[in-house]
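Listed below, chain by chain, are the residues.
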Amino acid sequence: MKKILLIGILSLMGIVAGCSEKGEKEKVKTKVLKVAFNQSENHPQYKAMREFSDRLEKETNGAYKLEISPNGLLGDQRATLELVQSGVIQMALVGNPVVENFNQDFAVIGLPYLYDSLDHQKKVFLSGILDPLFKSVSKNGFEVIGAFTAGSRCVYTDKPIMKPEDLSGYKIRVMQSDTMKKMIDLMGGVGTPMGQGEVYTAIQQGVIEGGENNEVTYSDLKHYEVAPYFSYTNHLMIPDLIVINEKLYNGMSQENRKIFDRLMYETIEKEFLAWNKNVEKAKEIAIENGATFVNIDIKPFQKNIEPLQETVKNHSDVTRSIYKKVRELAN
Ligand code: GCU
């Protein structure tokens, strides 16, 4: 009787969620980490995070699990990063340009034509060479704990874009950073920063002529309905950063933190493997719905972008060193 009473009191205090038969194993109350994601449940990053959550819950013996809000329900990426900083939510996936606004050095890992292939990018993300850069923003209340691939980005609009001149006078939506705006300007168009959630309507209403993104997002968000030509400029392989509230991350027990980091590493590896499969599926759906994918000669775009590459890679000693290390890992 006394024992039952004691368990009841401890449960109410949230100290013990359950005891094994022998009563020797303590279970802590599950901490639910709210995660913001700006795309759908079909997206490979969503699936990767779901699997991460299941494994995390199991391996930490129920100490942590995730609750992922997809479809930009918690706001655009800039807004959700602020929610992570203040601890209102605990995690978010945000494009590299969003974090560039905290430390300009991040621009170097989101440079146009930096990675030669998905394999090259995977090697870089799993190599540990980006750890000091990631650590550099922790004074802002969040930590960058890894990066997913988001494939290769291309321009899409109402006509094929074969050369930079074809983009003349074309307002193309970019993610919210100066580097992204300069990139499209150099590619021949007019870079127009805005949140991803506004792009469909902006094209539909003629505020902009198109966007630039990977096949998965292009298809997932049905942008083919308003911009049916997807031209393979392949200008950018942007890292999608996994961010977490700094206090929460550094407040984990050593043991849980080790599990968390190992599972995150494995999740990143898996997301890379899943990416290509998703690209094929996304293309099929877009084509069925009237999209045309156009192969082009990327050299003129590469040439135009060189001044931006020079400026960004020479921004600081850090960017020079990262650029060199990233290139050394190319096949
Ligand atoms: C990709 C990327 C997102 C980003 C989006 C955008 O889908 O994965 O992180 O938000 O592009 O263009 O804003």
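Values in this document were obtained by computation on a predicted structure and should not be read as measured data.

Around the ligand sit 13 residues in total, of which Arg-153, Arg-173, Gln-196, Thr-217 and Asp-240 are the nearest. Contacts to the ligand include Gln-77, whose side-chain N or O atom sits 2.9 Å from an oxygen atom. For the ligand, the accessible surface in isolation is 310 Å², of which the surrounding protein chains cover 98%. Residues of the shell around the ligand, tallied by class, amount to two nonpolar, eight polar and three charged. Taken domain by domain, the shell around the ligand gets at least three of its residues from each of domain 1 (28-150 + 239-280) and domain 2 (153-238 + 284-328).

Let's shift gears to unusual backbone geometry. Within the chain, Asn-61 stands out as a residue other than glycine whose phi angle is a positive 55 degrees. With respect to the helices and strands, Asn-61 occurs in the loop between helix H2 (44-59) and strand S2 (64-69).

Time to look at the sheet that holds strand S3 (residues 91-95). Pairing in this open sheet of five strands is mixed, and the strands run S2-S1-S3-S10-S4 from one edge to the other. Looking at which strands have only one partner, the edges of the open sheet turn out to be S2 and strand S4 (142-148). Looking at each pair of strands side by side, their axes are set apart by 25 degrees on average, direction ignored. Both S3 and strand S10 (residues 240-245) contribute to a ladder of five bridges, which runs antiparallel. Of the residues in S10, the one forming a bridge with Leu-93 is Ile-242. The sheet strands contacting H2 are strand S1 (31-36), S2, S3, S4 and S10, and the helix crosses S2 at an angle near 155 degrees.

Reading guide: rules and limits
Residues numbered from 1 in each chain as written. Predicted model: local features only at pLDDT ≥ 70, side-chain atom pairs only at ≥ 80, totals over all residues. Heavy atoms only, no water. Near = heavy atom within 4 Å. Polar contact = N/O pair within 3.5 Å; in protein donor to acceptor, adjacent residues only side chain to side chain. Areas by Shrake-Rupley, 256 points an atom, 1.4 Å probe, with all protein chains shown as cover. Nonpolar A, V, L, I, M, F, W, Y, C, P; charged D, E, K, R; others polar. Domains from an automatic or database assignment. Helix = DSSP H or I, 4+ residues; strand = E, 2+ residues; numbered from the N terminus. Pairing = 2+ DSSP bridges. Axes fitted to C-alpha atoms, helices over the stretch in contact; angles between N-to-C directions. Contact = heavy atoms within 4.5 Å.

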